[in-house]
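Coordinates in review
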Amino acid sequence: MRASPLRYALVSLPIALGALAIGVAGASANSSSWGDNGSGTCSAAISQSQLGQYCMQSVTGWIQINGGQPQYQAISCANNAPGGSPGLSWSLDGQSYTTENGSVWPQLAQSSDIGQYVGWQTGNGSAYLDSQIGGSITAGSASSSPPVYGTGQAAVDNIGGSGYWQAAIACLNAAGVSAMPNERGAAAPTAQVANAAPVRIRDKTIDTVDGKNGKAFRAREYALKKNVTRTDTRTCPAGMVRKGKLAYTVQEFPANGTSPRWKDRSLVDVQLTPKGTNAGTVEMTLTRASNPTVVQVQMRCGKA
């Protein structure tokens, strides 16, 4: 059954049991606010509206999580941007959706009581997740030219074994932003058919900075090639220092969109090293992969 929307920045939610079949036949999963390929996030944000007219979920790849591990995942509405990574094709579920503004949904759907609209589901493996309080978000803007893409964050606690999960956030176009205050009364926008591009992966920066409260969440995604070592350094904004430990996630993008088998998972050697008080370095080498693979490196910053 589908759970109610995640109330991030408020309280943790209990586990919602799902009856979705993920990946191979017979696989089971638990989920929250998922719906069809993450569309539950849009259904919660804009009631009684056609998906794609106002809102399109931005869906991650399949994220590896070990048993007993909490995890955060930064998600950008830029996933569905023209030329974005992984691209609109990853968020679609095989249907043709009507769209506005050239298939652009840049603004994060949020409300004062819900916060951001986030969903997740588990895939192959034995992970069993509970929703946790999320972190910083960036609203973005559908009215800017060019549009400013919003970012959200899924947060989960795995009380099961190792396995896969994926997350989605609800992203709005200009019509969707107008529809939010009056969900049932908005006029339908001029529509066109969305053309989904093949799955692609590229580097992406997903940073949120809260200058008022003096904190930031630095996330960057690195598209890896097998047996090629990549290194990088991330630095906190001026006046902030690194807080807590550096972290990372491994994300895979199978061509058919279904969860990989855990035994076939991508293997990445990741070395995270604090640097001074306000930076961190990462060194990554992808040693085994059946699917395009991305590492997201995360660093939290706060007032010095």
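Everything here concerns the structure above.
Residues numbered from 1 in each chain as written. Predicted model: local features only at pLDDT ≥ 70, side-chain atom pairs only at ≥ 80, totals over all residues. Heavy atoms only, no water.

**Observations regarding the sheet that holds strand S11 (residues 151-158)**
Basically, it comes down to this: For two strands to be treated as a pair, DSSP must find at least two bridges joining them. Secondary structure elements are taken from DSSP: a helix is a run of H or I of four residues or more, a strand is a run of E of two residues or more, and numbering for both begins at the N terminus. As a rule, the C-alpha atoms of each element are fitted with a line to give its axis, helices using only the stretch in contact, and angles between N-to-C directions run from 0 to 180 degrees.
Across the sheet, which stays open at both edges, the three strands sit in the order S4-S11-S10 with antiparallel pairing between neighbours. Of all the strands in the sheet, the pair left with one neighbour each is strand S4 (70-76) and strand S10 (129-131). Between one strand axis and the next, the sheet turns through 35° on average, direction left out of account. Where S4 lies against S11, seven bridges are found, and the strand directions are antiparallel. Its bridge partner lying in S11, serine 76 is registered against threonine 151.

**A word on the pairing of strand S12 (residues 163-172)**
To be explicit about the condition: We call a residue buried when its accessible area falls under 20% of the maximum for its residue type, exposed when it is over 50%, and partly exposed in between, using a 1.4 Å probe and counting protein chains only.
Burial of S12 is extensive: ten of the ten residues sit out of reach of the surface. Because side chains alternate across S12, one face comprises the buried residues Gly163, Trp165, Ala167, Ile169 and Cys171, and the other comprises Tyr164, Gln166, Ala168, Ala170 and Leu172, equally buried. By the bridge criterion, five bridges tie strand S2 (residues 55-59) to S12 in an arrangement that is antiparallel. Paired with glutamine 57 across the bridge in S12 is alanine 170.

**Observations concerning the sheet that holds strand S20 (residues 279-288)**
Strands in a sheet are paired, the pairing made by backbone hydrogen bonds, and the direction either parallel or antiparallel. Pairing is antiparallel across the open sheet formed by three strands, whose spatial order is S17-S20-S19. Of all strands in the sheet, those with a lone pairing partner are strand S17 (229-235) and strand S19 (267-275), marking the two edges. Between one strand axis and the next, the sheet turns by 15° as a mean value, whatever way the strands run. Pairing between S19 and S20: nine bridges, direction antiparallel. Across the sheet, residue proline 274 finds its bridge partner in S20, namely glycine 280.

**Examining unusual backbone geometry**
Along the chain, serine 85 connects to proline 86 via a cis peptide bond; the corresponding omega equals 10°. You can see proline 86 is positioned in the loop between S4 and helix H2 (88-91). Look at the link from serine 145 to proline 146: it is a cis peptide, with omega at 0°. In this structure, proline 146 sits in the loop between S10 and S11.

**Some words on the environment of valine 297**
As a reminder, the rule being used: Residue contacts are defined here by distance: any two heavy atoms, one from each residue, within 4.5 Å place the two residues in contact.
Tracing the chain through its elements places valine 297 in strand S21 (residues 293-303). Judged by relative accessible area, valine 297 falls into the buried class, the value being 7%. Sequence separation between valine 297 and arginine 220 is 77 residues, and the spatial gap between their C-alpha atoms is 5.5 Å. Other than its neighbours up to four places away in sequence, valine 297 contacts Arg218, Ala219, Arg220, Tyr222, Ala247, Tyr248, Leu272, Val282 and Met284.

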